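So the chains spell out like this:
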Protein chains: 2
Amino acid sequence: MTVTIYDVAREAGVSMATVSRVVNNNPNVKPQTRKKVFEAIERLGYRPNAVARGLASKKTTTVGVVIPDISNPIFSEVARGIEDIANMYHYNIILCNADKKKEKEIRVINTLLEKQVDGLLFMGGAITDEHIQAFKTATVPVVLCATTDESGTIPSVDIDHQAAAFDAVNLLIQYGHRSIGMISGTLQDPSNGNARYLGYKQALDKAGIPFNENYVRIGNYKYESGIEVTKYFLELPNRPTAIFVANDEMAIGTVHAIQDAGLKVPDDISVISVDNIRMASMVRPQLTTVAQPMYDIGAVSMRLLTKLMNKESVDRSKVVLPHEVIIRESVAPHHS
Amino acid sequence: MTVTIYDVAREAGVSMATVSRVVNNNPNVKPQTRKKVFEAIERLGYRPNAVARGLASKKTTTVGVVIPDISNPIFSEVARGIEDIANMYHYNIILCNADKKKEKEIRVINTLLEKQVDGLLFMGGAITDEHIQAFKTATVPVVLCATTDESGTIPSVDIDHQAAAFDAVNLLIQYGHRSIGMISGTLQDPSNGNARYLGYKQALDKAGIPFNENYVRIGNYKYESGIEVTKYFLELPNRPTAIFVANDEMAIGTVHAIQDAGLKVPDDISVISVDNIRMASMVRPQLTTVAQPMYDIGAVSMRLLTKLMNKESVDRSKVVLPHEVIIRESVAPHHS
DNA sequence: CTGTTAGCGCATTCAC
DNA sequence: GTGAATGCGCTAACAG
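All values reported here derive from a predicted model rather than from experimental measurement. In this numbering scheme, every chain counts its residues from 1 along its sequence in written order. Here the convention is simple: chains get letters from A, ligands get numbers from 1, in the order in which they are written. Totals for whole chains, interfaces and linings use all residues, but because this is a predicted model, local features are given only for residues with pLDDT of at least 70 and pairs of side-chain atoms are given and counted only at 80 or more. Think of the side-chain values as coming from all heavy atoms in the structure, minus any hydrogens and water.

## Regarding the sheet that holds strand 9 (residues 270-275) of chain A
Residue and element names in this part refer to chain A.
Phase 1: Only strands that DSSP links by at least two bridges are regarded as paired with each other. Counting from the N terminus, the helices are the DSSP runs of H or I reaching at least four residues and the strands are the DSSP runs of E reaching at least two. Taken in spatial order, the 6 strands line up as 7-6-8-9-10-12 in an open sheet, and their pairing is mixed. Bordering the open sheet on either side are strand 7 (216-218) and strand 12 (324-326), each of which pairs with just one other strand. Going from strand to strand, the sheet's axes swing by 20° on average, the running direction of each strand aside.
Phase 2: By the bridge criterion, 4 bridges tie strand 9 to strand 10 (residues 288-291) in an arrangement that is parallel. Of the residues in strand 10, the one forming a bridge with S273 is T289. Here an angle of 0 to 180 degrees is reported between the N-to-C directions of two axes, which are lines fitted to C-alpha atoms, with helices fitted over the stretch in contact.

Written as structure tokens, this is what we have:
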């Protein structure tokens, strides 16, 4: 039924070792023999069995990528970066969606490890002890991308979320705003949600603006959430003149909520966020935001992983990529 | 270094066959023995090697999914449907992005087949002879989702794109529009791009509206493309009063181009499209569009694949799921 | 340059 | 219920 390397060997009148050599591009084969083998392969429609190869060689040339939420544009952009570099180094990648569920993340890590991937890339999300535990059982290298672990034991590639948030809020302050609201993500995630919150506080602090609890509300990173929380701000007796939103998607909700209330962005209220997903320039006004180099985060983390898999030495196993403030149309100076 | 089934056997004082049985939930094991084995597994931190298992059993319990463009929300939603059903039937799925390149699609199909997946799901995109050829070499079942092949030889799950387009344009006509532009995708793709074009023509035809070549322009499904093409329409001496756009993303571009020109949607120009991605309701005005049941397309195709993998008989191997016109805010009656 | 020989880690007969 | 033996398809020494 299925044609094996042995069938090819017989057909070509050589040994299976030779077939293996030509299939694996081993140079130690006479061109003539190589040709014979290729013809036999063609004739028989032979397709190498990666499973058998993996068992024999103890390498699968594939890396597992766990993606927290396949429908989140951030992660899909990171995935592109991962892929391009993976292809460059001739690794296959297998993507596993984890649906934002911690339990599923752990499960996926384990099945990936069972499948004997040569390395693991873990994207996004908060890193808990359970994660660390799962990573520890791995005999292959692991790198985090677009997230970090607090303990700092696992190689990672990410931006400095606190600094990014700081820069965003700081821009608002430079534009004369002093009543600045924030729509945050969950504070439970230290590497991301909480970091952005800290950046916000830090910027206020530096400018000598007192922190006002009523100016901070928690959203869930979704568009609808942005709308909802913004309504709260709009009903405040002294509503903020600018809002810092933890991600672009919520920020679009914020813009629409403001517009739906008959106000204008940025004339009445300025809005700034973080991420710079494609959608950020698919709104009117276009979003001013702090860009995360998503593609690069993916590319660099994959490159780091290849080094680790090759047992090359790496200087820093925790790399922080630069972010950039992208000025568009949603922020204006505050006129008092 | 790595602990094998054999180590567990020794540790538990049983044979490897027994360990294999408990790992695979074979009922023919005395509870007491089972317990001993589990303890040994725990103690040693044994993790089954899926590669070895795959070689021995000739099954990998994983299905390969090729996704044409991971950053396209349509496909990621379809992928969710696939995943949920796959989990339900205890299959792992490995996602492979093909970057909208035919050459890469073929390559990915082949590596997936080499990896001995138990089945293959091919998403989106035009199906060429090369694809068919690649599928033919597969010894495992293949199903297409969100696309169809013309020859009808491969099982598939999709909507009737022509009918969907027809319904969209028909709505416009019922609202009194007779000057209806269309922004199409490539006409090279029979199952999708061309089908929507045919639906447009069909609707005009039925209403006795003469077809006007200048009212049809080809875009590339991207936001920017929607903007660009719409500008062309706006400069037409007798510009259309309504535009049918082949997908939501371009339609958002259309809406913005119209607004940027100082006109209003839908008061001045109505816009309707196809897909109903999340973003369709993240614009002002919210898009009236024909919904594709993306999640269901994924779920149904995965279900179909499980049947095929089990060699169960299926009644129809080409299933067409219903679409639905979603009325929102971007279409208004035409006032002459 | 090419062939022979051993496994890789496990599922699966077939006995007992 | 359990164990012993065999082989899945291939790579990797090793020998020649």
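And the narrative resumes.
## Looking at the protein's contact with DNA strand C
Phase 1: Taken together, 26 residues form the shell around DNA strand C, and within it T18(A), R21(A), T33(A), I5(B) and Y46(B) come nearest.
Phase 2: Sugar and phosphate atoms form 59% of the subset of DNA strand C atoms that lie within 4 Å of the protein.
Phase 3: In protein, a polar contact means a hydrogen-donor-capable atom and an acceptor-capable atom, both N or O and within 3.5 Å, with residues adjacent in sequence counting only if both atoms are side-chain atoms; elsewhere, any N or O pair within 3.5 Å suffices. Separating a phosphate oxygen of DNA strand C from a side-chain N or O atom of T33(A) is a distance of 2.4 Å.
Phase 4: When residues of the surface near DNA strand C are traced back to their parent elements, those giving at least two are helix 2 (16-23) and helix 4 (50-57) of chain A together with helix 2 (16-23) and helix 4 (50-57) of chain B.
Phase 5: With 4 residues, helix 4 of chain B is the single largest residue contributor to the surface near DNA strand C.
Phase 6: The residue classification treats Ala, Val, Leu, Ile, Met, Phe, Trp, Tyr, Cys and Pro as nonpolar and Asp, Glu, Lys and Arg as charged. All others, Gly included, are polar. Of the residues belonging to the surface near DNA strand C, the class tally is 12 nonpolar, 10 polar and 4 charged. One heavy atom within 4 Å of a molecule or strand is enough for the residue carrying it to be called near that molecule or strand.

## As for the side chain of N192(B)
Phase 1: With respect to the helices, strands and loops of the structure, N192(B) is situated in helix 9 (residues 190-206).
Phase 2: Contact criterion: two residues are considered in contact whenever any of their non-hydrogen atoms come within 4.5 Å of each other. Those residues in contact with N192(B), other than ones at most four positions away along the chain, are A146(B), H161(B) and Y221(B).

## Some words on the sheet that holds strand 9 (residues 270-275) of chain B
Residue and element names in this part refer to chain B.
Phase 1: With mixed pairing, 6 strands are arranged side by side in an open sheet as 7-6-8-9-10-12. Each end of this open sheet is capped by a strand with a single partner; those strands are strand 7 (216-218) and strand 12 (324-326). Between one strand axis and the next, the sheet turns by 20° as a mean value, whatever way the strands run.
Phase 2: As paired strands, strand 6 (residues 180-184) and strand 7 are joined by 3 bridges and run parallel to one another. Each bridged residue has a counterpart across the sheet, and for I183 the counterpart in strand 7 is R217.
Phase 3: Here helix 10 (residues 223-234) sits on the sheet in contact with strand 6, strand 7 and strand 8 (242-245), set at roughly 150° to strand 6.
Phase 4: Sheet contacts for helix 11 (residues 248-260): strand 6, strand 8, strand 9 and strand 10 (288-291); angle to strand 9, the most-contacted strand, approximately 165°.

## A closer look at the interface of chain A and chain B
By a frequent convention, interface size equals the accessible area lost on bringing the separate parts together.
Phase 1: Taken together, the contacts link 49 residues of chain A with 51 residues of chain B.
Phase 2: In short, buried area is how much 1.4 Å probe accessible area vanishes from two parts on joining, totalled over both. In terms of surface lost to chain B, no three residues of chain A exceed R47(A), M282(A) and R284(A), which account for 16% of the buried area on that side.
Phase 3: By definition here, a salt bridge exists when the distance from a side-chain nitrogen of Lys or Arg to a carboxyl oxygen of Asp or Glu is within 4 Å. For the pair chain A and chain B, the number of links is 12 salt bridges.
Phase 4: Note that R278(B) is salt-bridged to E224(A), the shortest N-O span being 3.8 Å.
Phase 5: Linking chain A to chain B there are 24 residue pairs in polar contact (both at pLDDT 80 or more).
Phase 6: Of all the secondary-structure elements, those providing two or more residues to the side of chain A that touches chain B are helix 4, helix 5 (73-88), strand 2 (92-97), helix 6 (102-114), helix 10 (223-234) and helix 11 (248-260) of chain A.
Phase 7: Looking at the side of chain A that touches chain B, its residues break down into 19 nonpolar, 15 polar and 15 charged.

## Overview of the relation of the copies chain A and chain B
Phase 1: Here the copies are matched by least squares. The fit uses the C-alpha atoms of residues with pLDDT of at least 70 in both. Expressed as a screw operation, the relation of chain A to chain B combines 0.1 Å of axial shift with a rotation of 180°, fitting to an RMSD of 0.1 Å. Both copies of the chain, as the preceding transformation shows, are related through a two-fold rotation axis.
Phase 2: Looking at the interface residues of chain A, 100% of them are also at the interface in chain B, so both copies use one shared face.

## Topic: the domain arrangement of chain A
Residue and element names in this part refer to chain A.
Phase 1: For every domain, the bounds stem from an assignment made automatically or drawn from a database. Taken domain by domain, chain A comprises domain 1 (5-48), domain 2 (60-159 + 294-322) and domain 3 (161-291).
Phase 2: Here the C-alpha centroids of domain 2 and domain 3 sit 29 Å apart.
Phase 3: Each partner contributes to the interface: domain 2 provides 13 residues, whereas domain 3 provides 10 residues.
Phase 4: Together, the buried faces of domain 2 and domain 3 total about 850 Å²; carbon and sulfur atoms form 58% of this surface.
Phase 5: Between the two partners, domain 2 and domain 3, sit 0 salt bridges.
Phase 6: Here domain 2 and domain 3 share 3 residue pairs in polar contact (both at pLDDT 80 or more) between them.
Phase 7: Mapped onto the side of domain 2 that touches domain 3, the elements with two or more residues apiece are helix 5 and strand 5 (156-159).
Phase 8: Residue classes in the side of domain 2 that touches domain 3 are distributed as 6 nonpolar, 3 polar and 4 charged.

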